[in-house]
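# Understanding the architecture of this molecule
Below are the chains, spelled out letter by letter.
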Amino acid sequence: MKRIREHLGLTFLIIIAIFAVVIGGYFTLRKGIYIGDDFYYKVSADKFVHNTSNYVERTKDDTFLLVADGKKQSVSYTMKGDQVTFSFADNSISGTWTGDELFAADGSPVGWDEMQIIAGNEKPVISDETYSNALGHVLYGNLESISFWGFTVLGVLIYVLGIVQIYYPDKVYFFMRRWQFQNAELSDEGRTVTIIGGVILCIIGIGMMSGLILYLFR
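What you see is a predicted model, and the numbers here were worked out from it, not measured in a lab.

### Notes on the confidence of the model for the chain
When pLDDT is averaged along the chain, the result is 87; 91% of the residues meet or exceed 70. At the level of individual helices and strands, the chain shows its lowest average pLDDT in strand β11 (residues 114-118), which scores 47, and its highest in strand β3 (residues 47-51), which scores 96. Ignoring residues within four places in sequence, the model shows residues 115-119, a span with pLDDT below 50, making 10 contacts including any to other chains.

Written as structure tokens, this is what we have:
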């Protein structure tokens, strides 16, 4: 009966890990672009969405529709190799795409957010330059993701270590140091503390696999 419970518990932990990896992959490994601090997920070949009120869509071969807090504006563009020009309603941004960033003619990077004070708090202003740099990522196919696969793998390893510590607290505790003891065995209290440590490792692993840690510390 005890072995059955252990198998059921292990199966449950594995299912949790699978869900965490799937969720993390969906929310942190999907491709998209950053506009300011907000991430816009690629939902189709021509559309990138942050939420229903904020998205970017290529409506024609040479035009983007930008929607910010429900307000719409069209941006046309021309491309010639690494040279690109974005034309806004009252402004044109020209630059050279270097592979991951747009640079102006004087060599300065295009796309730095300015800051404004709103109710005592600093808040980034999404400028035409910022949009231009983000659209450059779309045009030249240089998409990003919130995380990377190595972060998920590290979360899986930490989670597995936590499971091992939960199921084999004595072996984990005395690993590489059993030679220091005779008849080494943890007390009930020591075993409980070691198991609690394993649970904490599992929680950290879930946070990394699911991407929750990335959102908490952004």
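Moving on from the coordinates now.
### Examining the sheet that holds strand β5 (residues 63-68)
Strand order in the open sheet made by the 10 strands is β1-β2-β3-β4-β5-β6-β7-β8-β9-β10, with antiparallel pairing throughout. A single partner strand is all that each edge strand has here, and the edge strands are β1 (32-35) and β10 (109-110). As judged from the five bridges shared by strand β6 (residues 71-80) and strand β7 (residues 83-87), these two strands associate in the antiparallel manner. Paired with K80 across the two strands is Q83, which belongs to β7. Each of β1, β3, β4 (54-60), β5, β6, β7, β8 (92-97), β9 (102-103) and β10 is contacted by helix α2 (residues 128-139), which is oriented at about 170 degrees to β1, the strand it contacts most.

Rules used throughout
Residues numbered from 1 in each chain as written. Predicted model: local features only at pLDDT ≥ 70, side-chain atom pairs only at ≥ 80, totals over all residues. Heavy atoms only, no water. pLDDT = per-residue confidence, 0-100. Helix = DSSP H or I, 4+ residues; strand = E, 2+ residues; numbered from the N terminus. Contact = heavy atoms within 4.5 Å. Pairing = 2+ DSSP bridges. Axes fitted to C-alpha atoms, helices over the stretch in contact; angles between N-to-C directions.

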